[in-house]
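Residues per chain are reported as follows:
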Amino acid sequence: MRVLVTGGAGFIGSHLCDALLDAGHEVRALDDLSTGTLANLTAALARPGCDFIEGDIRNTSLVERALEHCDAVVHLAARIGLRIIVESPFDTLDVNARGTESVVQAALKNNTPVLVASTSEVYGYSTKIPSNEDDPICFGSPTIGRWSYACAKAYDEFYALALHRERGLPVVVVRLFNTVGARQSGRYGMVIPRLTEQALTGKALTVYGDGTQTRCFCSVRDVTAALSTIVSRIHALAGEVLNIGNPVEMTILNLAKEILERTASTSTIEFVPFSQAYPVGFEEIMRRVPDISKARQAISFDPKVPLESILDDVIAGLRSTAKR
Ligand code: UDP
């Protein structure tokens with residue numbers, strides 16, 4: 001197959017390009033290089049069957065041209081990261097809602113199947129653990145900037161699934177839970193690259209709150225393997241929503257301790273109150289755990305990479321970037 005990957009120069013997108021090429025597919029990456037970088041695609045672009053187009057997903061005619069001769073599109077392009085979301089709420093909504101409309105509309109022209117990347121953020125305040133694809137969702141007030149991201153992503157799901165139901169477009173939605181690994185930038189807030197960079201540079205590790213909040217971290221290697229499988233079975237899975245994550249739960253304090261151990265760092269841990277850590281308009285979610293039984297059944301999804309290996313990937317990636 002020939003697959004268009006929007007957001008292909010980003011963290012997950014570039015790993016997906018590698019995984020799709022490994023699986024024998026051809027790949028076209030489309031990215032506006034706002035948070036992604038061409039350096040992420042160095043290895044992929046050196047291989048036959050991979051090309052790159054720079055551009056904005058809101059430009060539907062550009063997306064239509066990028067989709068020419070493609071058999072599927074994986075739509076990952078989005079504004080991400082808490083700083084960007086809170087500081088640029090209009091742009092976040094515009095790219096994450098209108099940009100998705102544009103990609104899905106372009107795909108509809110030739111009935112090209114679409115895999116839409118959504119997020120665990122759509123579960124919002126839901127206190128039911130673990131989160132199941134059919135659970136109700138509960139967002140905070142529109143006066144709280146954080147929720148614009150979740151709201152736009154939930155809208156993307158409704159939009160794409162509506163086109164599946166009413167117009168027969170093959171659509172699969174995946175909700176990604178804290179995907180982590182090499183090439184992820186700490187610049188936009190993500191905890192593992194941030195704390196690892198702090199540990200490697202001798203700075204105190206900034207644990208927000210008292211560190212008892214938990215997350216489930218899934219290796220980008222497990223995630224891209226799952227996405228590649230979904231792409232190859234996209235017609236059979238059309239209309240489905242799947243959680244993709246690793247259900248192993250960890251407190252942020254234990255994560256910080258593990259990072260200190262694996263980097264052999266002498267850094268200390270600094271507890272930063274949420275009120276100082278976050279810009280106005282941000283609320284912390286204390287727990288988020290995926291129920292992956294549906295993905296296990298549908299695609300034999302079985303995340304295998306343990307947190308220790310994920311951290312070693314991140315540490316090696318940051319060390320090699322520091323050397324360059
Ligand atoms: N976090 C932290 N220190 C940091 C950055 C994040 O303690 O320097 C915490 C944050 O409060 C959250 C968790 O790490 O509980 C995961 O944050 P991230 O932004 O990576 O993901 P998300 O909150 O979107 O799940």
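Before any of the text, the structure's been laid out above.
Residues numbered from 1 in each chain as written. Predicted model: local features only at pLDDT ≥ 70, side-chain atom pairs only at ≥ 80, totals over all residues. Heavy atoms only, no water.

Right, let's get into the packing of aromatic side chains. The relative placement of two aromatic rings is captured by the distance of their centres and the angle of their planes. Counting across every chain of the model gives six aromatic pairs. Aromatic pair Y125 and W147: ring centres 4.9 Å apart, planes at 50°, arrangement tilted. With a gap of 22 residues between them, Y125 in the loop between strand 5 (114–119) and helix 6 (147–167) and W147 in helix 6 connect regions that are remote in the sequence. Judged by relative accessible area, which is 35%, Y125 ranks as partly exposed. An aromatic cluster is defined as three or more aromatic residues linked by ring pairs; in this entry it consists of Y125, F139 and W147. (Phe/Tyr/Trp six-rings, centres within 6.5 Å; stacked < 30°, edge-to-face > 60°. Helix = DSSP H or I, 4+ residues; strand = E, 2+ residues; numbered from the N terminus. Buried < 20%, exposed > 50% of the residue type's maximum accessible area, 1.4 Å probe, protein only.)

The next thing to look at is the site of the ligand. The environment of the ligand is made up of 15 residues, and the closest members are R194, T206, R215, Y278 and E284. Separating an oxygen atom of the ligand from a side-chain N or O atom of N178 is a distance of 3.0 Å. Here an oxygen atom of the ligand sits 2.9 Å away from a polar atom, N or O, in the side chain of R288. When isolated, the ligand has an accessible area of 520 Å², and the protein chains bury 90% of it. Looking at the shell around the ligand, the elements with two or more residues in it are helix 7 (191–200) and strand 8 (205–208). Partitioning the shell around the ligand into residue classes produces seven nonpolar, four polar and four charged. (Near = heavy atom within 4 Å. Polar contact = N/O pair within 3.5 Å; in protein donor to acceptor, adjacent residues only side chain to side chain. Areas by Shrake-Rupley, 256 points an atom, 1.4 Å probe, with all protein chains shown as cover. Nonpolar A, V, L, I, M, F, W, Y, C, P; charged D, E, K, R; others polar.)

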